[in-house]
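What follows is the residue order along each chain.
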Amino acid sequence: MSERDTEIHAGAAGAVRDHGAVDIRGVSKHYGNVRVLHDVSVSVPPGTFLTLLGPSGCGKTTLLRLIAGFTEPSSGTIAIDGRDVAGVPTQNRPIGMVFQNLALFPHFSVAENVAYGLKLRRIPAGEIARRVERFMDLVGLAGYGERRISQLSGGQKQRVALARSLVLEPSILLLDEPLSALDQQLRKQLQFALKDIQRKLGTTFVFVTHDQEEATLMSDVIVVMDAGRIQQVGSPGAIYQNPQNLFVSRFVGEINEMPCEVVRADGGELLVRTPAGGLTLPAAAARGFAPAAGAAGVLCIRPEQLHVRADAAASLPGMVSMPGSLVEELDLGPVRRTTVDVAGCHLRSLTVGGEAARMGCAGAPCAVLLRPQDLRLYESADARQAG
Amino acid sequence: MYSGERPRPVHYLLLVPVLALLGLFLASVALLFSNAFSGGGGFSLQYFQQILDRTDYQIVFLRTFVASVAIAVIATVLSYPVAMLLWRADRWRNLLLIVVLIPWLVSLVIRTYGWIVLLGPKGVINGMLQWLGLLDQPVKLMFNDTGLVIGLVHVLMPFAVISILSSLLTIEDNLEEASRVLGARPWQTLTRIVLPLSLPGAFTALIVIFLASMGAIVTPILLGGVSQKFVGTQIYQEVMYAFNMNKAAAWALCLLIVSLLGLLALKAIERRVLRNHE
């Protein structure tokens, strides 16, 4: 291992860093009458890879631009490393940013792009050359310094943009969907490269994406956003296992839904009526609302928690069985996806190992089995909008 | 013609208007050459000799050249702030562009008379300065090089504004923001990113305006006066008053050569300055 590598590791050796914290408190932003952020609060511990995840127009990029200081919040405060940055111009904030279109300077060479920020800081030329070389090495572009930007491939441009920001050793690096323009394979490669670099340097990364798979793969913490509000904050695993509302369960991973009506809610149990009959669930299944008798809800369950049997009367201990008819079976490499029509709802099940015997042809009777404690009950989206 | 379709013979008829124009152009250039190099019944350089031997004519070429360079530089520099304003004015850009182009909607002669009203000895500017007590005698702003430069800069500035603006508009979104995040103050972003990237437009402006003022006629006549000769006005006089077509043709070819030399010089400078651009 070269001397340079050890230097970089030394920087990240202490897992606890004193800078790189972002604290966002009660931030709202509106343009005229349009509110793009509603009372957003999130705190980013130093050294975290945090992802803002949401569909386009959810306010994630606006939040990033607020941290960068391109715009100021309408209300609320943003603190970086414990210091309120209201009114601090972008160039004085300890941040770096990688843009969606990368925004490389076309009239500079690769090395000149990377050196730009160092030159502005009036660092001696020898020192600049040393640091530029070190960071070009880090992003895997050693020897590319003299190239023109137009001579680089998409992935190489990404790496230049990254090096240009990281060479200034910012406390926080903001990344605005930097991988969205790349093809699938290159994207995968760079996802791992980014995560690796983040781990080596220990810099706080705030990453924006609309791709839940990308978010799951890279992040320590995911902030799911929709319609200008934070929907849920947590580790990728926690968000997948325990989505707080219908939006999150739909947006992160695949989900089966079945409409239902609450019949009785008392003590530790909920009785709901579904098109496939009555079900009893633990009271803890209800998320984000207090179910009352007569309330409309949506029952959700992950595909891997459903089991399909060819026998319509099949039953397993501790499981509820619902009869249905087979719609299709698809082999997707390592997994098989089986779709079953249960009382008009198409439920999908995922099972590992596509070599198992097939269920039969479409329309064949079968049964869907599930554990009641795997079910989640959410307030139906229509009810939420009306309320 | 639709893409992928091979042109059929009948399609070549569409070239007729272009070929007609091209033919007329080539014929007149041929006529120009034969006029310039004729004399004494055969090939001769006598008309060139008549022009090049006279010191006052050499001075006319020098004046035209220096004035054209000055006009190109002044117009380009003055156009920068205007182009930047238009670049920034997202919503008002088209409206402001019309304002910039209004001079072109007015006939050249009327526009130049407007300048006479402003610049003349009894014009608005002299009147103002005298009324303010800053001047006792009117300053001469017309029928000299000052008037000529002012007039041509005004006429040609819209070229520069448009060409600089088009260069500015090709600057990718976010480059300024990227520069700011990397620690640049606004003026550093301006001098290191925006100005260098708009230079191709500035060079186009310089070249177009230089060539246009080298061949200018109306403005030099009306604002420059009779005594302050320009190459264009010389040719005009040879054609309209002396009826010496041969000498006029020789003048025109000399003008072409001087313009070409200027153009090559500007191109060489452009290549040096823009060697880093794609």
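Reading the values: the criteria
- Residues numbered from 1 in each chain as written.
- Chains lettered and ligands numbered in written order.
- Predicted model: local features only at pLDDT ≥ 70, side-chain atom pairs only at ≥ 80, totals over all residues.
- Helix = DSSP H or I, 4+ residues; strand = E, 2+ residues; numbered from the N terminus.
- Buried ≥ 20, exposed ≤ 12 C-beta atoms within 10 Å, placed from the backbone.
- Contact = placed C-beta atoms within 7 Å.
- Core = buried A, V, L, I, M, F, W, Y, C linked by C-beta atoms within 7 Å.
- Axes fitted to C-alpha atoms, helices over the stretch in contact; angles between N-to-C directions.
- Parallel < 35°, antiparallel > 145°, perpendicular 65-115°, else oblique.
- Nonpolar A, V, L, I, M, F, W, Y, C, P; charged D, E, K, R; others polar.
- pLDDT = per-residue confidence, 0-100.
- Pairing = 2+ DSSP bridges.
- Expected span 1.5 Å × (residues − 1).

*Asks:* I'd like to hear about the overall build of chain A, residue by residue, with values.
*Replies:* The helix and strand inventory of chain A stands at 10 helices and 21 strands. The principal-axis extents of the C-alpha atoms in chain A amount to approximately 80 × 50 × 40 Å. Residues counted as buried form 40% of the 387 residues belonging to chain A. Nonlocal contacts in chain A, meaning residues at least 24 apart in sequence, comprise 68% of its contacts between residues at least 6 apart.

*Asks:* I'd love a proper account of helix H3 (residues 110–120) of chain A, names of residues and values included.
*Replies:* All names here are of chain A. Burial of H3 is extensive: eight of the 11 residues sit out of reach of the surface. Among the residues of H3, Val110, Ala111, Asn113, Val114, Ala115, Tyr116, Gly117 and Leu118 are the ones counted as buried. Against the buried residues of H3 lie helix H4 (125–138) and helix H5 (154–166). Positive phi appears at Arg122, one or two residues downstream of H3, with a value of about 55 degrees.

*Asks:* Residues and numbers for the nonpolar core, please.
*Replies:* In this structure, Ile67(A), Val114(A), Ala163(A), Leu174(A) and Val206(A) are the most contacted members of the largest nonpolar core, which totals 109 residues. Per-element tally for this core: the top contributor is H3(A), with six residues. If we ignore the near neighbours within four places in the chain, the residues touching Ala163(A) are Val114(A), Phe135(A), Met136(A), Val139(A) and Leu141(A). Among the nonpolar cores identified, the runner-up in size contains 46 residues, and Ala67(B), Ala72(B), Val149(B) and Ala249(B) belong to it.

*Asks:* Account for the packing of helix H9 (residues 186–214) of chain B against helix H12 (residues 245–273) of chain B, with residues named and values stated.
*Replies:* All names here are of chain B. Running from N to C, H9 and H12 point in directions that differ by 170 degrees, and their axes come no closer than 10 Å. By the angle class used here, H9 and H12 are roughly antiparallel. Contacts from Leu199, Phe203, Leu206, Ile207, Phe210, Leu211 and Met214 in H9 reach Leu255, Ser259, Gly262, Leu263, Leu266, Glu270 and Val273 in H12. Taken together, the residues that form the contact of H9 with H12 break down as 11 nonpolar, two polar and one charged.

*Asks:* Provide a residue-level description of the interface of chain B and chain A, including the pertinent values.
*Replies:* If you look at the interface, chain B gives 19 residues, while chain A gives 21 residues. Put simply, the parts of the chain that give the side of chain B that touches chain A at least two residues each are helix H8 (175–181) and H9 of chain B. In terms of residue count, H8(B) provides more of the side of chain B that touches chain A than any other element does, five residues in total. A per-class count over the side of chain B that touches chain A returns eight nonpolar, five polar and six charged.

*Asks:* Summarise the confidence of the model for chain B; cite the residues concerned and give the values.
*Replies:* Residues with a pLDDT of 70 or more make up 98% of chain B, whose mean pLDDT is 88. Taken over the whole predicted complex, pTM reads 0.81, whereas the ipTM for its chain interfaces reads 0.80.

*Asks:* Before we move on, can you summarise the sheet that holds strand S8 (residues 204–209) of chain A with the specific residues and values?
*Replies:* All names here are of chain A. Overall, mixed pairing links the six strands, which are arranged S6-S7-S8-S3-S9-S10 in an open sheet. Two strands bound the open sheet, and with one partner strand each, they are strand S6 (95–98) and strand S10 (229–234). For this sheet the average axis-to-axis angle between neighbouring strands, irrespective of direction, equals 20 degrees. In this sheet, strand S9 (residues 221–226) lies alongside strand S3 (residues 49–53) in parallel orientation, the contact comprising four bridges. When the sheet's bridge partners are listed, Thr51 is paired in S9 with Ile222.

*Asks:* Give me the lowdown on the environment of Thr61(A), citing residues and values where you can.
*Replies:* Residue and element names in this part refer to chain A. Relative to the assigned elements, Thr61 resides in helix H2 (residues 60–68). Taking the C-beta count within 10 Å as the criterion, Thr61 has 19 such neighbours and is therefore assigned partly exposed. In the structure, Thr61 is positioned 148 residues away from Thr209 in sequence and 8.9 Å away in space, judged by C-alpha atoms. Leave out the neighbours within four places in its chain, and Thr61 touches Asp176 and Val208.

*Asks:* Pulling in residues and values, what's your account of the pairing of S10(A)?
*Replies:* Where S9(A) lies against S10(A), five bridges are found, and the strand directions are antiparallel. Opposite Ile222(A), over in S10(A), you have Gly234(A) as the bridge partner.

*Asks:* How would you sum up H12(B)? Please name residues and give values.
*Replies:* For an α-helix the count is 3.6 residues per turn, leaving residues at separations of three or four pointing the same way. With 29 residues, H12(B) extends 41 Å from end C-alpha to end C-alpha; this agrees with the ideal 42 Å at 1.5 Å per step. Buried within H12(B) are the following residues: Lys247(B), Ala248(B), Ala249(B), Ala250(B), Trp251(B), Ala252(B) and Cys254(B).

*Asks:* For the pairing of strand S18 (residues 335–342) of chain A, give the residues involved together with the corresponding values.
*Replies:* Residues and elements named next belong to chain A. Side chains Arg336, Thr338, Val340 and Val342 of S18 all project onto a buried face; the interleaved residues Val335, Arg337, Thr339 and Asp341 project onto a face where none is buried. Alignment of strand S17 (residues 320–332) against S18, held across seven bridges, turns out to be antiparallel. Bridge pairing in S18 links Leu326 to Val340. Hairpin connection from S17 to S18: two residues lie between these consecutive antiparallel strands, with Gly333 at a positive phi of about 70 degrees. Where S18 lies against strand S19 (residues 345–352), eight bridges are found, and the strand directions are antiparallel. Counted as the bridge partner of Asp341 is His346 from S19.

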